[in-house]
Amino acid sequence: MTQQLKTIFISLIIGVLIGMALGVNIGREKPLLSNPFAKQESLLDKAKRLGSETVEESGKALEKAGQALQDKAK
């Protein structure tokens, strides 16, 4: 009986630790199996990265729209 309780208790602790690590990764929007203790990107760096990605995507969309207008004009 005590061996079963010990096994259940250890399994519960291991499950909680794994669940916490996965939860941290989900909260930080990182891959599930990445290191939850790795240094995370600062908010300012993240804002700069997202801003540059947005500008790039906008430029690509503008190029596509311009190309479509040129094709339509022909």
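Everything numeric in this text was worked out from a predicted model, so none of it was measured. (Residues numbered from 1 in each chain as written. Predicted model: local features only at pLDDT ≥ 70, side-chain atom pairs only at ≥ 80, totals over all residues. Heavy atoms only, no water.)

Q: I'd like a rundown of the overall build of the protein chain, residues and numbers included.
A: Looking only at helices and strands, one finds two helices and zero strands in the protein chain. By the compact-globule yardstick of 11 Å for 74 residues, the protein chain is too spread out, its C-alpha radius of gyration being 24 Å. Its C-alpha atoms give the protein chain principal-axis dimensions of about 85 × 30 × 10 Å. Buried residues in the protein chain amount to 3% of all 74 residues. Of the roughly 6800 Å² of accessible surface on the protein chain, 68% is carried by carbon and sulfur atoms. Computing the positive centroid from 11 side-chain charges and the negative centroid from 8, the protein chain places the two 7 Å apart. (Helix = DSSP H or I, 4+ residues; strand = E, 2+ residues; numbered from the N terminus. Rg over C-alpha atoms; globule rule 2.2 N^0.38 Å. Buried < 20%, exposed > 50% of the residue type's maximum accessible area, 1.4 Å probe, protein only. Areas by Shrake-Rupley, 256 points an atom, 1.4 Å probe, with all protein chains shown as cover. Lys, Arg positive; Asp, Glu negative; His and termini not counted. Charge placed at Lys NZ, Arg CZ, Asp CG, Glu CD.)

Q: Tell me about a nonpolar patch on the surface, and please be specific about residues and values.
A: A cluster of nonpolar side chains, contributed by Phe-9, Ile-10, Leu-12, Ile-13, Ile-14, Val-16, Leu-17, Ile-18 and Met-20, occupies part of the molecular surface with about 890 Å² of accessible area. Its place among the elements puts Ile-10 in helix α1 (residues 2-27). (Patch = residues over 30% accessible without salt bridge, like charges linked within 9 Å, V, L, I, M, F, W, Y side chains within 5 Å. Salt bridge = Lys/Arg side-chain N within 4 Å of Asp/Glu carboxyl O.)

Q: Any chance you could break down the pattern of salt bridges for me, citing the residues and the numbers?
A: In this structure the tally under the stated criterion is two salt bridges. Note that Lys-46 is salt-bridged to Glu-29, the shortest N-O span being 3.8 Å. Of this pair, Lys-46 sits in helix α2 (residues 43-73) while Glu-29 sits in the loop between α1 and α2; the two residues are 17 residues apart in sequence, bridging distant segments of the chain. Accessibility expressed as a relative area gives 28% for Lys-46, which makes it partly exposed. Where Glu-53 meets Arg-49, a salt bridge forms, and the shortest distance between an N and an O atom there is 3.3 Å. With Glu-53 and Arg-49 both in helix α2 and four residues apart, this pair spans about one turn of that helix. The partly exposed category is assigned to Glu-53, whose relative accessible area is 38%.

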